[in-house]
Amino acid sequence: METHKEKILVVDDEASIRRILETRLSMIGYDVVTAADGEEALDTFRNADPDLVVLDVMMPKLDGYGVCQELRKESDVPIIMLTALGDVADRITGLELGADDYVVKPFSPKELEARIRSVLRRVDKTGVTGIPSSGVIHINSIRIDTNKRQVYKGDERIRLTGMEFSLLELLVSRSGEPFSRSEILQEVWGYTPERHVDTRVVDVHISRLRAKLEDDPSNPELILTARGTGYLFQRILEPGEIE
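In what follows, the accompanying structure is described. (Residues numbered from 1 in each chain as written. Predicted model: local features only at pLDDT ≥ 70, side-chain atom pairs only at ≥ 80, totals over all residues. Heavy atoms only, no water.)

1. Here's the deal with the overall build of the protein
Phase 1: Tallying secondary structure elements over the protein gives 8 helices and 12 strands in all.
Phase 2: Evaluated residue by residue, the protein yields a buried proportion of 49% over its 243 residues.
Phase 3: In the protein, once contacts between residues fewer than 6 apart in sequence are set aside, the share between residues at least 24 apart is 59%.
Phase 4: With an accessible surface of roughly 12000 Å², the protein has 48% of that area assigned to carbon and sulfur atoms. (Helix = DSSP H or I, 4+ residues; strand = E, 2+ residues; numbered from the N terminus. Buried < 20%, exposed > 50% of the residue type's maximum accessible area, 1.4 Å probe, protein only. Contact = heavy atoms within 4.5 Å. Areas by Shrake-Rupley, 256 points an atom, 1.4 Å probe, with all protein chains shown as cover.)

Structure representation (structure tokens):
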């Protein structure tokens, strides 16, 4: 029986980069489709339904930010942005618009391959320890279903990206205990210690989660800041437990 190949959409206006990535990613078992500009990217995405998008920022017709915004209106597909060397604002903007991760140009194909593997693995990951056997957690008006990887606020389903859900699941697994940014980067993104300088990835994802889950994101009650450490989810009481 033929196994399902994960499909990757590579979007870059440089033909040489598209060619290299198409060749390399195909060689390691991915099905690859490509697009040369933002408008083509959206068309190709809708037709090909990829499992992950590699998205350059600087492109004609519609830049990577515009594509990212459009994709997030209709999909939670993992997005890895390709950003210019040293341009921190580029990276933050991409993350704020809903990207899951980024790789800085010029990059080695091996680094990008590692990031793709890591993001796809974490998006599909299940079975975090510390979660009730039912897989369902209730806190205030929030219901987190770790089996279906879905979150509800009251009766409304809250759309989270795969990485946002993995981050929430990690925080909930040890509710009341703080996680350092480095710990979060390692557990959710699979970053090696030398890349732990990228703590803004965590901060922006926390900000995105708060915007979706908190009644007042500027005064969070669920996802709290642990001063000088990182972040924690408010302690979830066991049934029958009194605070």
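2. Overview of unusual backbone geometry
Trans is the prevailing form of peptide bonds, just as negative phi is the prevailing case for residues other than glycine.
Phase 1: Backbone torsion omega between Lys105 and Pro106 reads -10°, so that peptide bond is classified as cis.
Phase 2: Among the secondary structure elements, Pro106 is positioned in the loop between strand S5 (101-104) and helix H5 (109-124).
Phase 3: Backbone geometry places Asp49, a non-glycine residue, at a positive phi of 50°.
Phase 4: Classification of Asp49 as exposed rests on a relative accessible area of 59%.
Phase 5: Its identity is not glycine, yet Arg149 carries a phi of approximately 55°, on the positive side.

3. Some details on the pairing of strand S1 (residues 7-11)
Phase 1: For S1, a buried count of 4 out of 5 residues is recorded, marking the element as mostly surrounded by other parts of the structure.
Phase 2: Sheet topology note: the S1/strand S2 (residues 31-35) ladder contains 5 bridges and is parallel. Counterpart to Leu9 in the pairing with S2 is Val33.
Phase 3: Between the parallel elements S1 and S2, the chain passes through helix H1 (residues 15-27) in a crossover that is right-handed. (Pairing = 2+ DSSP bridges. Right-handed = clockwise from strand over helix to strand, strands pointing away.)

4. Digging into the sheet that holds S2
Phase 1: Taken together, the 5 strands give an open sheet; going across it, the order is S2-S1-S3-S4-S5, and neighbouring strands pair in parallel fashion. Every other strand in the sheet has two partners, leaving S2 and S5 as the edge strands with one partner each. Here the average twist between neighbouring strands, direction ignored, is 20°.
Phase 2: Strand direction decides the pairing type here: strand S4 (residues 79-83) and S5, joined by 4 bridges, are parallel. (Axes fitted to C-alpha atoms, helices over the stretch in contact; angles between N-to-C directions.)

5. Let's talk about helix H2 (residues 38-48)
Phase 1: Listing the buried residues of H2 in full gives Gly38, Ala41, Leu42, Thr44, Phe45 and Ala48.
Phase 2: In the core, the buried residues of H2 are packed alongside S1, S2, strand S3 (52-56) and helix H3 (64-74).
Phase 3: Once H2 ends, the next one or two residues include Asp49, with phi positive near 50°.

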